[in-house]
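# Commentary on secondary and tertiary structure
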Amino acid sequence: MRGIARKFGLHDSDELVNFDLQGDGGGNNISYAKGRAGEEEQSVLTAAFTGNHGWFWRNRDGQDFKVTLYVRGDYSEMKLP
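Residues numbered from 1 in each chain as written. Predicted model: local features only at pLDDT ≥ 70, side-chain atom pairs only at ≥ 80, totals over all residues. Heavy atoms only, no water.

### Brief notes about the overall build of the chain
Scanning the chain for helices and strands turns up zero helices and six strands. A burial count over the chain gives 22% of its 81 residues as buried. The contacts of the chain with a sequence gap of at least 6 include a subset with a gap of at least 24, amounting to 68%. Just so you have it, the chain exposes about 5900 Å², and 46% of that area is on carbon and sulfur atoms. (Helix = DSSP H or I, 4+ residues; strand = E, 2+ residues; numbered from the N terminus. Buried < 20%, exposed > 50% of the residue type's maximum accessible area, 1.4 Å probe, protein only. Contact = heavy atoms within 4.5 Å. Areas by Shrake-Rupley, 256 points an atom, 1.4 Å probe, with all protein chains shown as cover.)

Below, the structure written as structure tokens:
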């Protein structure tokens, strides 16, 4: 839902993983943040529009990695690819 704040925290285990916190829906697209993993992050995401909002991960070295995601707020569902 547009304008609703959702708290999140994440940590991943591999510095060679890139991420894009993004949203899409209703003809809209947005990138909220991009970065290189290997760090812990805590923030609040306020959706710019109603739609899908989440992370795209790119594994640069092909090795397995682990992401731990903590969320609080109004989520309708969590999806894995």
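There's more to say after this.
### Observations regarding the packing of aromatic side chains
Per the counting criterion, the structure on display carries one aromatic pair. Here Phe19 and Trp57 contribute two aromatic rings whose centre-to-centre distance is 5.8 Å and whose plane-to-plane angle is 45°, an arrangement assigned as tilted. On the criterion of sequence distance, the pair formed by Phe19 in strand β2 (residues 17-25) and Trp57 in strand β5 (residues 52-59) is long-range, its members being 38 residues apart. What makes Trp57 partly exposed here is its relative accessible area of 24%. (Phe/Tyr/Trp six-rings, centres within 6.5 Å; stacked < 30°, edge-to-face > 60°.)

### Observations concerning the sheet that holds β2
Taken together, three strands build an open sheet; the order of strands is β3-β2-β5 and the sheet is antiparallel. Edge strands, defined here as strands with exactly one partner in the open sheet, are β3 (28-36) and β5. With direction set aside, neighbouring strand axes in the sheet form an average angle of 20°. With eight bridges joining them, β2 and β5 adopt antiparallel strand pairing. Across the sheet, Phe19 pairs through a bridge with Trp57, a residue of β5. (Pairing = 2+ DSSP bridges. Axes fitted to C-alpha atoms, helices over the stretch in contact; angles between N-to-C directions.)

### Points about the confidence of the model for the chain
With 75% of its residues at a pLDDT of 70 or more, the chain has an overall mean of 78. Within the chain, the element-level pLDDT minimum falls on strand β1 (residues 5-12), averaging 64, and the maximum on β3, averaging 89. (pLDDT = per-residue confidence, 0-100.)

### Brief notes about the pairing of β2
Along β2, seven of the nine residues are buried, which leaves the element largely enclosed by surrounding structure. Pairing of β2 with β3, which is carried by eight bridges, proceeds in the antiparallel orientation. Paired with Phe19 across the strands is Gly35, a residue of β3. In textbook terms, the turn of a hairpin is the stretch between consecutive antiparallel strands, and for β2 and β3 this stretch comprises two residues, one of which, Gly26, has a positive phi near 60°.

### Structural notes on the side chain of Asn18
Note that Asn18 resides in strand β2. Not counting residues within four places of it along the chain, the set of residues in contact with Asn18 comprises Gly35, Arg36, Phe56, Trp57, Arg58 and Arg60.

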